[in-house]
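Listed here are the chains, written in short residue letters.
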Amino acid sequence: MLLVGRTVQTAVRRNLCRPFSASKNYLHERKGLVLGVFEDEGEEGRLHLTEAAAHFNQSVSGRLSELLQISGPKLKKGKSRIFYGIHKDFPCVAVVGLGKNDAGVCGAENWDTSKESIRQGMAAGCQLLQELELNTVEVDGCGDAQSAAEGATLGLFHFDQLKSKKKTKVSLQLHGSADAEGWEKGITYAEGQNLARLLMEAPANHMTPTAFANIIEEKLAPHAQRVTINKRPQNWIKEQQMGAFLSVSKGSEEPPVFLELHYNGSPDGKQPPLLLVGKGITFDSGGISLKPSPSMDAMRADMGGAATVCASIVTAAALKLPVNIIGLAPLCENMPSGKATKPGDVVTAKNGKTIQVDNTDAEGRLILADALCYGHSFNPRAIVNVATLTGAMDVALGSAATGVFTNSNWLWEQLHKASVVTGDRVWRMPLFQHYTKQVTDSQLADLNNIGKYSRSGGACTAAAFLREFVTAPHWAHLDIAGVMSNKDEIPYLRKGMSGRPTRTLVEFAIDASS
């Protein structure tokens, strides 16, 4: 176990967030190229080459456009073709359809359609060339190098650190010289999300609370001048009187860790920080209220909130954003044992409120409650907590968007604006007093950790519970249970844990820094 655990940590240390394996020697000099084509709105059936594709077409005396015309029907968005031997430097050229040029922001879809099309197209092309075991691929910037880099890098990620046979490691390069800065920014964004995916995908016996904290510490080590890291042990948690957090962790043999990150990027040292809080249940069995065994293995990713929060801070540090950010991640396992919290037990949170724990599988809100109370001590200008909190959120929105519950119209607008840019969408959910009444009506304590009517409005009652531990005027709760994993819904993410909404959190931080 220790050997494999070190393998996962070593992968993170070496920035192996992108797919990797040793390539065969005879392929070392082989390069692939991914180019894009837009649909020509003027004439039916005609394609409009991107600037990079047009230059390439000239370099091969029009051969590319000729092949596109004779090789079949026009390339629709997301579709691709591979051509071999048309250029001496690129034995394989993948051409992908990007849909309409300058489609822009779609109000109905709540995203920038052009950016999404570029992400999808570049991911599809790179995946095709990876299957051909090409270890270097140049990518068309398509007029938006950041989106192209994001799609390519996200599309190549594959968790195979624990397998003997690995996918080919692909080195990505921007084709041509257009917008190198945007390209590098896109790579950094995507590698941040891939870090979250790596943390979420790793087996729970390797990604313990201690291992998680150590990996984040290693990832932030290059930014030590701007970052302070505190890995708070169990004794500190007790001193802080975080009874709700400890009630969850006490069933496990793994000690809890309260991870506290301070990124000081603002030249104004007195600038109030953004506070990001992530749920860090590194494995959720449900505790005494045991989950059914089918799909319980996916609960290794129940620390997705902590993974996305910490990965976004790593990304902010890599981008040297001029903003102060504090990240909090209460890390523990939720396990059944003779020491575990029992249904009906009453525990006391850091702010003195008592909680009747009627369902030990509603544990995420307990650890977040104490973290939110503690976070107020930093006088943040905004608080965003992120958690794979409720199955009800998955039922409500599926994987289309993260559910947002907030007491601040300003904060909602900032998060929504960021999500339109990244394509990782958010959707506002109700935070009515109607739901508050359902968690404050408790037989034995101030609050109950489940709603009075059990499953009805479960995502909303969970958010109402968290609001009982918030006094800040700008707070948002992001329930990411529905977007935790990807089957085939997001074309540029392979099947597995998604790392969403890391890029949206980074974009939000960038907007906050301006």
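Note that this is a predicted model, so its numbers are computed, not measured.

Looking at the element boundaries, Gly36 is found in strand β1 (residues 31-39). Sequence spacing of Gly36 and Val95 is 59 residues, and the spatial spacing of their C-alpha atoms is 5.6 Å. Every residue in contact with Gly36, bar those within four places of it in the chain, is listed here: Leu49, Thr50, Ala53, Val96, Leu98, Met122 and Asp140.

The next subject is the packing of helix α11 (residues 364-375) against helix α15 (residues 458-467). Axis angle and axis distance: for two packed helices, these are the angle between their axes and the distance between the axes, and together they describe the pair. Here α11 crosses α15 at 30 degrees, and the two axes come no closer than 9 Å. If you check the angle between α11 and α15, you find them roughly parallel. As α11 runs across α15, the sense of the crossing is right-handed. Listed contacts from α15 to Arg365, Leu366, Leu368, Ala369 and Leu372 of α11 are Ala462, Phe465 and Leu466. Its residues assigned to classes, the contact of α11 with α15 shows seven nonpolar, no polar and one charged.

The interhelical angle for the contact between helix α2 (residues 51-59) and helix α3 (residues 63-70), taken along N-to-C directions, is 105 degrees, at an axis separation of 6 Å. Accordingly, the angle class assigned to the pair α2 and α3 is roughly perpendicular. Seen from α2, the contacting residues are Ala53, Phe56 and Asn57; seen from α3, they are Arg63, Leu64 and Ser65. Considering only residue class, the contact of α2 with α3 consists of three nonpolar, two polar and one charged.

Moving on, we come to the packing of aromatic side chains. With the rule as written, the count across this model stands at eight aromatic pairs. With 5.3 Å between their ring centres and 50 degrees between their planes, Phe465 and Phe469 make a pair best called tilted. The exposure class assigned to Phe469 is buried, which follows from its relative accessible area of 3%. The positively charged end of Lys353 is found above the aromatic ring belonging to Phe469, 5.9 Å away from the centroid. We note Arg425 situated over the ring of Trp111; from NZ or CZ to the ring centre the distance is 4.0 Å.

This next bit is on the sheet that holds strand β19 (residues 447-448). What the three strands build is an open sheet, ordered β14-β15-β19; its pairing is mixed. In the strand order of this sheet, the two ends are held by β14 (345-348) and β19, each with one partner.

In this section: helix α13 (residues 409-422). Relative to the 20 Å expected for 14 residues at 1.5 Å per residue, α13 spans 20 Å between its end C-alpha atoms, a close match to the ideal helical length. Here α13 has its buried residues at Leu411, Trp412, Gln414, Leu415, Ala418, Ser419, Val420 and Thr422. Measuring from the backbone nitrogen of Trp410 back to the side-chain oxygen at the start of α13 gives 3.4 Å, which picks out Ser408 as the cap. Residue Gly423 follows α13 closely and has a positive phi angle near 80 degrees.

A few words on the pairing of β14. Here β14 shows a buried face lined by Asp345 and Val347 and an unburied face lined by Val346 and Thr348. In this structure, β14 lies alongside strand β15 (residues 354-357), joined through four bridges in antiparallel fashion. For Asp345, the partnering residue across the bridge sits in β15 and is Val357. Between the antiparallel neighbours β14 and β15 lie five residues, among them Gly352 with a positive phi of about 90 degrees.

Per the UniProt record, the feature "domain: Cytosol aminopeptidase" (unreviewed entry) sits at residues 359-366. For residues 359-366, the helix share is 38%, the strand share is 0%, and the end-to-end C-alpha distance is 11 Å.

Before going further, it helps to examine the environment of Val421. Mapped onto the fold, Val421 is located in helix α13. Spatially, the C-alpha atom of Val421 lies 7.9 Å from that of Glu507, the residues being 86 residues apart in sequence. Those residues in contact with Val421 that sit more than four places away from it in its chain are Lys115, Arg119 and Glu507.

Turning our attention to the side chain of Asp345. Here Asp345 is to be found in strand β14. Among the polar contacts listed, one links the side chain of Asp345 to the backbone nitrogen of Lys342, at a separation of 2.9 Å. Leave out the neighbours within four places in its chain, and Asp345 touches Ile355, Gln356 and Val357.

Cut-offs applied
- Residues numbered from 1 in each chain as written.
- Predicted model: local features only at pLDDT ≥ 70, side-chain atom pairs only at ≥ 80, totals over all residues.
- Heavy atoms only, no water.
- Helix = DSSP H or I, 4+ residues; strand = E, 2+ residues; numbered from the N terminus.
- Contact = heavy atoms within 4.5 Å.
- Axes fitted to C-alpha atoms, helices over the stretch in contact; angles between N-to-C directions.
- Parallel < 35°, antiparallel > 145°, perpendicular 65-115°, else oblique.
- Left-handed = near helix turned anticlockwise from the far one by under 90°.
- Nonpolar A, V, L, I, M, F, W, Y, C, P; charged D, E, K, R; others polar.
- Phe/Tyr/Trp six-rings, centres within 6.5 Å; stacked < 30°, edge-to-face > 60°.
- Buried < 20%, exposed > 50% of the residue type's maximum accessible area, 1.4 Å probe, protein only.
- Lys NZ or Arg CZ within 6 Å of the ring centre and 35° of its normal.
- Pairing = 2+ DSSP bridges.
- Expected span 1.5 Å × (residues − 1).
- Polar contact = N/O pair within 3.5 Å; in protein donor to acceptor, adjacent residues only side chain to side chain.
- UniProt positions renumbered as here; feature names shortened; annotations may be inferred.

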